[in-house]
Amino acid sequence: QVQLVESGGGLVQPGGSLRLSCAASGFTFSAFAMSWYRQAPGKERELVATITSTGGSANYADPGKGRFTISRDNAKKTVYLQMNRLKPEDTAVYYCSARNGFKPSIQYWGQGTQVTVSS
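The structure reproduced in this document is the subject of the present report. Treat the numbers as computed from the prediction; the structure is a model and nothing was measured. (Residues numbered from 1 in each chain as written. Predicted model: local features only at pLDDT ≥ 70, side-chain atom pairs only at ≥ 80, totals over all residues. Heavy atoms only, no water.)

Looking at the overall build of the protein
For step 1, the next point in the chain: Each helix and strand counted, the protein has zero helices and eleven strands in total.
For step 2, the next point in the chain: Expected size for 119 residues packed as a compact globule is a radius of gyration near 14 Å; at 13 Å, the protein falls within 12% of this value.
For step 3, the next point in the chain: Over its C-alpha atoms, taken along the principal directions, the protein stretches across nearly 40 × 25 × 25 Å.
For step 4, the next point in the chain: Within the protein, the fraction of its 119 residues that count as buried is 39%.
For step 5, the next point in the chain: Here the protein carries 13 positive and 7 negative side-chain charges, and the mean point of each set is 6 Å from the other. (Helix = DSSP H or I, 4+ residues; strand = E, 2+ residues; numbered from the N terminus. Rg over C-alpha atoms; globule rule 2.2 N^0.38 Å. Buried < 20%, exposed > 50% of the residue type's maximum accessible area, 1.4 Å probe, protein only. Lys, Arg positive; Asp, Glu negative; His and termini not counted. Charge placed at Lys NZ, Arg CZ, Asp CG, Glu CD.)

Describing the sheet that holds strand S1 (residues 3-7)
Strand-to-strand pairing in sheets goes through backbone hydrogen bonds, with the strands running parallel or antiparallel.
For step 1, the next point in the chain: Taken together, four strands build an open sheet; the order of strands is S1-S3-S8-S7 and the sheet is antiparallel. At either margin of the open sheet sits one strand with a lone partner, and together these are S1 and strand S7 (68-73). Each neighbouring strand pair of the sheet contributes to a mean axis angle of 15 degrees, computed without reference to strand direction.
For step 2, the next point in the chain: Of the strand pairs in this sheet, strand S3 (residues 18-25) and strand S8 (residues 78-83) are connected by six bridges, and their pairing is antiparallel. Pairing of arginine 19 across the sheet is with glutamine 82, part of S8. (Pairing = 2+ DSSP bridges. Axes fitted to C-alpha atoms, helices over the stretch in contact; angles between N-to-C directions.)

Considering the state of the cysteines
What is meant by a disulfide is a covalent connection between two cysteines, made through their sulfur atoms.
For step 1, the next point in the chain: Counted under the stated rule, the structure contains one disulfide.
For step 2, the next point in the chain: A sulfur-sulfur separation of 2.1 Å characterises the disulfide bridge that pairs cysteine 22 with cysteine 96. Of note, the bridge from cysteine 22 to cysteine 96 carries an S-S torsion of about -80 degrees and is left-handed in sense. One end of the pair, cysteine 22, is in strand S3; the other, cysteine 96, is in strand S9 (residues 92-100), with 74 residues separating them in the sequence. Cysteine 96 matches cysteine 22 in its accessibility class, with the two residues each being buried. (Disulfide = S-S within 2.5 Å.)

With respect to empty space enclosed by the protein
For step 1, the next point in the chain: Tallied over the entire structure, the rule returns one cavity of 30 Å³ or more.
For step 2, the next point in the chain: Size it by volume and the largest cavity reaches roughly 30 Å³.
For step 3, the next point in the chain: Surrounding the largest cavity, Arg38, Glu46, Leu47, Val48, Ala61, Pro63, Gly64 and Phe68 form its lining.
For step 4, the next point in the chain: At three residues, strand S5 (residues 46-51) tops the list of elements feeding residues into the lining of the largest cavity.
For step 5, the next point in the chain: Looking at the lining of the largest cavity residue by residue, the classes come out as five nonpolar, one polar and two charged. (1 Å grid on protein atoms, 1.4 Å probe; cavity = no way out; pocket = protein on both sides within 12 Å on 5 of 7 lines; lining within 4 Å. Points joined across faces, edges and corners; volume = space filled by probe spheres on them. Nonpolar A, V, L, I, M, F, W, Y, C, P; charged D, E, K, R; others polar.)

Considerations on the pairing of strand S4 (residues 32-39)
For step 1, the next point in the chain: Among the eight residues of S4, seven are classified as buried, and the element is accordingly described as predominantly covered.
For step 2, the next point in the chain: When S4 meets S9, the two strands line up antiparallel, connected through eight bridges. Directly across from phenylalanine 32, in S9, lies its bridge partner asparagine 100.
For step 3, the next point in the chain: As paired strands, S4 and S5 are joined by five bridges and run antiparallel to one another.

See below:
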């Protein structure tokens, strides 16, 4: 049973920080690239960041570039998203996603965790 379980979301004031975690199980975590996506109400789901299967390289979409950091611990089968200097426009449901490097058309999704940035 493939599972991706996000945690760490919540309410934070503008300028604050949150660290999201995504615990994976049911598949070979180290063979998958991992990504964070987010979806705000009324908007399409958008890529936030991605990291290679080994953790050797990471890429960021423009909105979080310079503020967000994606990392992973393959021994713990967990991927993280450190979010700093949060803005109200970062408010969204954040989703963890896994993509197999050998068969990238297969993508697993978590249930999401709510991040609300508001004063």
